[in-house]
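What follows is the residue order along each chain.
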Amino acid sequence: MRQKICAKLDPAKAAIAAYCLLIILYYGMTDLLRVGFNISSAPFSLLVYALLSYKIVMGRYEKREWAVGILLLLMSFISLYHLRDTTIFTNVLVLLSLKNIDIERMLKPLFWCALACYVAVILCSLAGIGLPMSMTLDFRGAGEETRYCFGYAHPNSLHLFSVRLMCLYAGAYFRKINWKHICGLAVFNCLVFYFTDSRTGVICGYILVLLLLIYRYFSRLVETKLWKIGVLAGIAAIIVFGILSVTLYGRVGILDIVNRLFTGRIKLAHFAYTEMGISWWGNAAAGSYIIDNGIMGMLLQYGLVPFIVYWLGTFLVLWYALKNGKHCVTILMLVFGVYALMEGSVLLKIFRNIPMIYMGEKIFSVEAENKE
């Protein structure tokens, strides 16, 4: 029976279709459908769940994979019940569906789907459909200014999605990237900055460009133990700073200066922290606070248990990437780690959080390594 069903609908193709649909929804189409056409994205989400579930059910798993899968699903069900939020549940379904999926090949259609959605949102905004093309506000307390968002919720969001596109491109075509492609990414990042004036976005975009240059043309450096230790220490330092800068704000004087450099982000996150505190399974009220520190935002919104699971998974993947020369994975984790200090939504949803995709590969890596 299983073979007959698989013959009619290949589970891998069903999963790829779900990923493409999900990335279209995640890269701006949900708001465009809702605001521009008064159409709910819920039916598309249900289709995604059906395709992902089909891929998972039709798979065959080792005992270790069963154990990991059950634990992750249990965590996602607890979070779903506690918060009435589908984020972790969706992330877990995607991760468990990634068995026997070639991630490098998968990223190519995902990049083109994301790019098509990105362009569609911008064009619709120019035509007056969907969210506004620009915003005129006092963004930084220095007087009103006009910044462009072209159909996204905020100029910073537009630049964030632009950097995500750059990262998807890097992941999909990393083996072919040369100095011409890197220069193209640099120019694109500069062009987006001209309209968004997003300092976080342009910095993280150029961090990606710089890391691509280093890993492409200074290969001896990145293979040294010092560099690898520095990468691990750097990610750890980002996490520690993201938490301590918020929890210790008001008690350590230098954090006032840092807060100004971060345009008030630390103070805002500290206010949310003092109001809610840290819990095991998060607080649904976190969505009503401005928390642009993505590391602290994840901890407050989804709780200590998912937070620990996520970062343990991150370090396992990063260690594997450094050990086995998976340079693109290391680059993406560094970029998203830095970005998470200054934007709240960077880490939460798989495909928006591109490095999270590689956690699915690691869940099933024991079998893959044995095959090699």
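Whatever comes next refers back to the structure up there.
This report concerns the structure included in the present document. (Residues numbered from 1 in each chain as written. Predicted model: local features only at pLDDT ≥ 70, side-chain atom pairs only at ≥ 80, totals over all residues. Heavy atoms only, no water.)

### Some points on the overall build of the chain
This is how it is decided: To qualify as a helix, a DSSP run of H or I must reach at least 4 residues; to qualify as a strand, a run of E must reach at least 2; elements of each kind are numbered from the N terminus. The globule rule used for comparison is 2.2 Å times the number of residues to the exponent 0.38, while the radius of gyration itself is calculated over C-alpha atoms. We call a residue buried when its accessible area falls under 20% of the maximum for its residue type, exposed when it is over 50%, and partly exposed in between, using a 1.4 Å probe and counting protein chains only. Should any heavy atoms of two residues lie within 4.5 Å, those residues are considered in contact. In short, Shrake-Rupley with a 1.4 Å probe defines the accessible areas, and a residue's cover is counted only from the protein chains shown. Charge counting follows a simple rule: Lys and Arg are positive, Asp and Glu are negative, and His as well as the terminal groups are ignored. Lysine's charge is taken at NZ, arginine's at CZ, aspartate's at CG and glutamate's at CD.
Each helix and strand counted, the chain has 18 helices and two strands in total. Computed over the C-alpha atoms, the radius of gyration of the chain is 21 Å, within 12% of the 21 Å expected from 2.2 N^0.38 for a compact globule of 372 residues. Classification of the 372 residues of the chain by burial places 50% in the buried group. For the chain, restricting intrachain contacts to residue pairs at least 6 apart in sequence, the fraction spanning at least 24 positions comes to 68%. By element, 66% of the accessible surface of the chain is carried by carbon and sulfur atoms, the whole surface being about 18,100 Å². A gap of 7 Å separates the mean positions of the 34 positive and 20 negative side-chain charges of the chain.

### Overview of the packing of aromatic side chains
Operational definition: Only rings of Phe, Tyr and Trp enter the pairing, Trp through its six-membered ring, and a pair is recorded when the two centres are within 6.5 Å. The plane angle decides the type: under 30 degrees is stacked, over 60 is edge-to-face, the rest tilted. Whether a charge sits over a ring comes down to the Lys NZ or Arg CZ being within 6 Å of the ring centre and within 35 degrees of the ring normal.
As enumerated under the stated definition, the model contains 21 aromatic pairs in all. Measuring from centroid to centroid gives 6.3 Å for Tyr61 and Phe364, while their planes differ by 35°, and the two rings are tilted. Of this pair, Tyr61 sits in the loop between helix H3 (42–57) and helix H4 (63–83) while Phe364 sits in the loop between helix H17 (357–363) and helix H18 (365–371), placing them 303 residues apart in sequence. When its relative accessible area of 19% is taken as the criterion, Tyr61 is described as buried. Of the residues examined, Phe364 reaches a relative accessible area of 8% and is grouped as buried. A ring pair is formed by Tyr148 and Phe150, whose centres lie 5.5 Å apart and whose planes are at 20°; its orientation type is stacked. For Tyr148, a relative accessible area of 30% puts it in the partly exposed group. A residue is classified by how much of its surface remains accessible, and Phe150, at 12% relative accessible area, is buried. Through successive ring pairs, a cluster of aromatic residues spans Tyr27, Tyr118, Tyr152 and Phe161. Against the face of Tyr173 rests Lys108, its NZ or CZ located 5.4 Å from the ring centre. Across from the ring centre of Phe161, 4.8 Å away, lies the NZ or CZ of Arg164, which sits over that ring.

### Let's talk about a nonpolar patch on the surface
Filter applied, for reference: A patch is a set of surface residues, each over 30% in relative accessible area and not in a salt bridge, joined within 9 Å for like charges and within 5 Å for the nonpolar side chains Val, Leu, Ile, Met, Phe, Trp and Tyr. We define a salt bridge as a contact between a side-chain nitrogen of Lys or Arg and a carboxyl oxygen of Asp or Glu at a distance within 4 Å.
A surface patch of nonpolar side chains, about 520 Å² in accessible area, is lined by Trp179, Leu213, Tyr217, Phe218 and Leu221. Inspection of the secondary structure assignment puts Trp179 in helix H8 (residues 179–196).

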